[in-house]
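One-letter residues, chain by chain:
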Amino acid sequence: MSAAPNYLVFFLVVFFFLSASTALEEHKQKNDTAAPTVHIINGMARNSEAIQVRCSSRGGDLGYHTMGSGDNYVWSVELQRALYYCEAMWGVRYFASWHAFQPKRDTGRGTVFWLVKENGLFLSWDNSTWVRRSQWQTE
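Residues numbered from 1 in each chain as written. Predicted model: local features only at pLDDT ≥ 70, side-chain atom pairs only at ≥ 80, totals over all residues. Heavy atoms only, no water.

K.L.:
I would appreciate a short explanation of the state of the cysteines in the present structure.
P.N.:
Here a disulfide denotes one covalent bond, and it connects the sulfur atoms of two cysteines. One pass over the full model with this rule turns up one disulfide. Shown here is the disulfide that connects Cys 55 with Cys 86, its sulfur atoms set 2.0 Å apart. With the S-S bond torsion at 110°, the cross-link from Cys 55 to Cys 86 turns out right-handed. In this pair, Cys 55 is assigned in strand β2 (residues 51–57) and Cys 86 in strand β5 (residues 84–90), connecting sequence segments 31 residues apart. (Disulfide = S-S within 2.5 Å. Helix = DSSP H or I, 4+ residues; strand = E, 2+ residues; numbered from the N terminus.)

Written out as structure tokens, the structure is:
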């Protein structure tokens, strides 16, 4: 029996394992780089004035959004635009600003939640445990 068929089988097995390994690595990278989602939730009382929210990154402005009580403003973070800065106005007197997405703080978490309430802005990664990170300011 010739050695050629043995080499052929060997190369086919190696090719199969390398192909499977490459496909698995590509799948893992695709899942690891899924864009995080940011939610800004208006948790003000029902009779409260709407809030105006504007978010931007170095790469672009997401524009102004008017949010009534209970509204949820959602966007996906683009990986090349890692730091997102937001400003909010409530009525004519109150304003707040914060980093809605910070790579060091938020990378690896699928979702970042911000709850806007009368007593401040609260951060959560699970939509149930909240920590106040900012307060309303006045001019």
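K.L.:
What exactly am I supposed to notice about the sheet that holds strand β9 (residues 131–134) here?
P.N.:
Whenever strands of a sheet pair, they do so through backbone hydrogen bonds, lying parallel or antiparallel. The mixed open sheet is built from five strands, whose spatial order is β4-β1-β7-β8-β9. Strand pairing shows two members of the sheet lacking a second neighbour, β4 (72–76) and β9, which therefore form its edges. In this sheet, neighbouring strand axes are inclined to one another by 25° on average, regardless of whether the strands run parallel or antiparallel. Note that strand β1 (residues 37–42) and strand β7 (residues 111–117) share six bridges and pair parallel. (Pairing = 2+ DSSP bridges. Axes fitted to C-alpha atoms, helices over the stretch in contact; angles between N-to-C directions.)

K.L.:
What should I look at first to understand the environment of Phe 95 in this one?
P.N.:
Its location among the elements puts Phe 95 in strand β6 (residues 94–101). Sequence separation between Phe 95 and Trp 136 is 41 residues, and the spatial gap between their C-alpha atoms is 5.5 Å. In contact with Phe 95, other than residues within four places in its own chain, are Ala 88, Met 89, Gln 135, Trp 136, Gln 137, Thr 138 and Glu 139. (Contact = heavy atoms within 4.5 Å.)

Purely spatial values, then, with no claim about function.
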